[in-house]
Amino acid sequence: MSEPATLEIISDGISEDEVIFPPGDILSDEPPLESDLHREQIDLLIRLLKLWWQERQDFYASGNLTIYYSPNQKKSEHFRGPDFFVVLGTQKKDRKSWVVWQEDGKYPNLIVEILSSSTTAVDKGLKKQVYQDTFRTPDYFWFDPVTMELQGFHLVDGKYQEIQTTTDGRLWSQQLELYLGVYEGKLRFFTTENQLILSSEELAEQERLRAQQAEVRAEQAEQEIARLREVLRTQGIDLENI
């Protein structure tokens, strides 16, 4: 399995006085999302993975959050803001941004960019190059919530190789050990058994339907018992005396 790169601190002859060391609570520097579609899609991916991995404490999943990765540890240079990303082997806690040099040099294990008319060229070009050559992120996907275009890449020998789709049109993520696919116009996660990973709302609805079906079955059973009692009664059989 490919591992993401770790940050190498390069001095290049810069003295300590010349390096700007930002505080540990750097705020994310990401611009507003382009549309409700983008915000809802990013939020859905975050909620789904956190719910699926609710027992795990060794990952960080976020979106539209700045990743600072300057080798000089400067906030003013070298930063990117993936729409959705996951870092494995780290502490599960809230953060204002992801600062690589304060996270043991860790970069994302998986990144998903949600395409838009204003970002498609960058997401497919410059960002893909940065994620491949600098981040060395093993799994990179992009998804267009309008056209439903979904494409994925896995890092092989330092270069992104396109991930082949399954017969269901899904893409395998080695890092998450889950499939990514489109369901009802949204990018979703699927298990190795091709089961859709449900949101908390969908789980609640599923439970409500189960309870409703159980109630219907119980009512039908009571009606059947009453019918059989009536049949026996017309035949002169009194169950009370048996």
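A brief structural summary. Not measured: the values here are computed from a predicted model. (Residues numbered from 1 in each chain as written. Predicted model: local features only at pLDDT ≥ 70, side-chain atom pairs only at ≥ 80, totals over all residues. Heavy atoms only, no water.)

**Looking at unusual backbone geometry**
Of all residues except glycine, most have a negative phi; of all peptide bonds, most are trans. Under the convention used in this document: For helices the rule is a DSSP run of H or I covering at least 4 residues; for strands it is a run of E covering at least 2, with both sets numbered from the N terminus onward.
A positive phi is found at Glu 177, a non-glycine position, where the angle reads about 55°. Relative to the elements of secondary structure, Glu 177 occurs in the loop between strand 10 (171–173) and strand 11 (178–183). In this model, Glu 184 sits at a positive phi of 50°, which is unusual for a non-glycine residue. Structurally, Glu 184 can be placed in the loop between strand 11 and strand 12 (186–190).

**Some details on the sheet that holds strand 5 (residues 98–99)**
Inclusion rule: Paired strands are those between which DSSP finds at least two bridges.
Here three strands make up an open sheet; going across it, the order is 3-2-5 and the pairing mixed. Bordering the open sheet on either side are strand 3 (79–80) and strand 5, each of which pairs with just one other strand. Of the strand pairs in this sheet, strand 2 (residues 67–68) and strand 5 are connected by two bridges, and their pairing is parallel. Bridge assignment links Tyr 68 to a residue of strand 5, and that residue is Val 99.

**Considering helix 3 (residues 126–135)**
As a reminder of what qualifies: Each residue gets one of three labels from its accessible area relative to the maximum for its type: buried under 20%, exposed over 50%, partly exposed in between, using a 1.4 Å probe on protein chains only.
What helix 3 keeps buried is the set Lys 127, Val 130, Tyr 131, Gln 132 and Phe 135. Immediately beyond the C-terminal end of helix 3, within one or two residues, lies Arg 136, with a positive phi of roughly 50°.

**Some points on the nonpolar core**
If you look at soluble globular proteins, the nonpolar side chains tend to sit buried side by side. This is how it is decided: Grouping buried Ala, Val, Leu, Ile, Met, Phe, Trp, Tyr and Cys residues that are joined through side-chain atoms within 4.5 Å yields what is termed a nonpolar core.
Judged by nonpolar contacts, the single largest core of 26 residues is most densely connected at Leu 49, Phe 84, Val 86, Val 112, Leu 176 and Phe 189. Elements with a contribution of two residues or more to this core: helix 1 (36–52), strand 1 (59–62), strand 4 (84–88), strand 6 (110–114), strand 7 (139–143), strand 11 and strand 12. Within the second largest apolar cluster, 19 residues are counted, among which are Leu 65, Tyr 69, Ile 111 and Trp 142.

**Description of the sheet that holds strand 1**
Our working rule: Between N-to-C directions, angles span 0 to 180 degrees; the directions come from axes that are lines fitted to C-alpha atoms, helices contributing only their stretch in contact. In this analysis, two residues are considered to be in contact whenever any of their non-hydrogen atoms come within 4.5 Å of each other.
Taken together, the six strands give an open sheet; going across it, the order is 1-4-6-7-8-9, and neighbouring strands pair in mixed fashion. Unpaired on one side and paired on the other, strand 1 and strand 9 (159–162) mark the two borders of the sheet. Looking at each pair of strands side by side, their axes are set apart by 15° on average, direction ignored. For strand 6 and strand 7, the ladder comprises five bridges, and the chain directions are parallel. Across the sheet, residue Ile 114 finds its bridge partner in strand 7, namely Phe 143. Most of the contacts of helix 1 go to strand 1, to which it runs at about 160°, and overall it touches strand 1, strand 4, strand 6 and strand 7.

**Let's talk about the side chain of Asp 139**
Filter applied, for reference: For the charge count, each Lys or Arg is scored as positive and each Asp or Glu as negative, with His and the chain ends excluded. Salt bridge criterion: a side-chain nitrogen from Lys or Arg within 4 Å of a carboxyl oxygen from Asp or Glu. Polar contacts, as counted here, are pairs of nitrogen or oxygen atoms within 3.5 Å of one another; within protein the pair requires one atom able to donate a hydrogen and one able to accept it, and residues that are adjacent in sequence qualify only if both atoms are side-chain atoms.
Mapped onto the elements of the fold, Asp 139 is located in strand 7. We note that Asp 139 is buried and unpaired, the nearest opposite charge coming from Arg 56 at a distance of 12 Å. For Asp 139, the side chain forms a polar contact with the side chain of His 154, separated by 2.6 Å. Contact partners of Asp 139, with chain neighbours within four places excluded, come to Asn 109, Leu 110, Ile 111, Phe 153, His 154, Ser 173, Gln 174 and Gln 175.

**A closer look at helix 1**
To keep things clear, this is the line we draw: Helix span, expected: 1.5 Å multiplied by one less than the number of residues in the helix.
With 17 residues, helix 1 extends 24 Å between its outermost C-alpha atoms, agreeing within 8% with the 24 Å of an ideal straight helix rising 1.5 Å per residue. Residues of helix 1 that are buried include every one of His 38, Gln 41, Ile 42, Leu 44, Leu 45, Ile 46, Leu 48 and Leu 49, and no others. Buried-residue contacts for helix 1 involve strand 1, strand 4, strand 6, strand 7, strand 11 and strand 12.

**Regarding the pattern of salt bridges**
One pass over the structure, following the stated rule, counts eleven salt bridges. Lys 124 is the salt-bridge partner of Glu 149, the closest N and O atoms lying 3.0 Å from each other. Highlighted residues: Glu 149 in the loop between strand 7 and strand 8 (150–156) and Lys 124 in helix 2 (residues 120–124), separated in sequence by 25 residues. Put simply, Arg 170 and Asp 168 hold a salt bridge, and the shortest N to O gap is 3.9 Å. Overlapping salt bridges, with partners in common, bring together Asp 43, Arg 47 and Glu 201 in one network.

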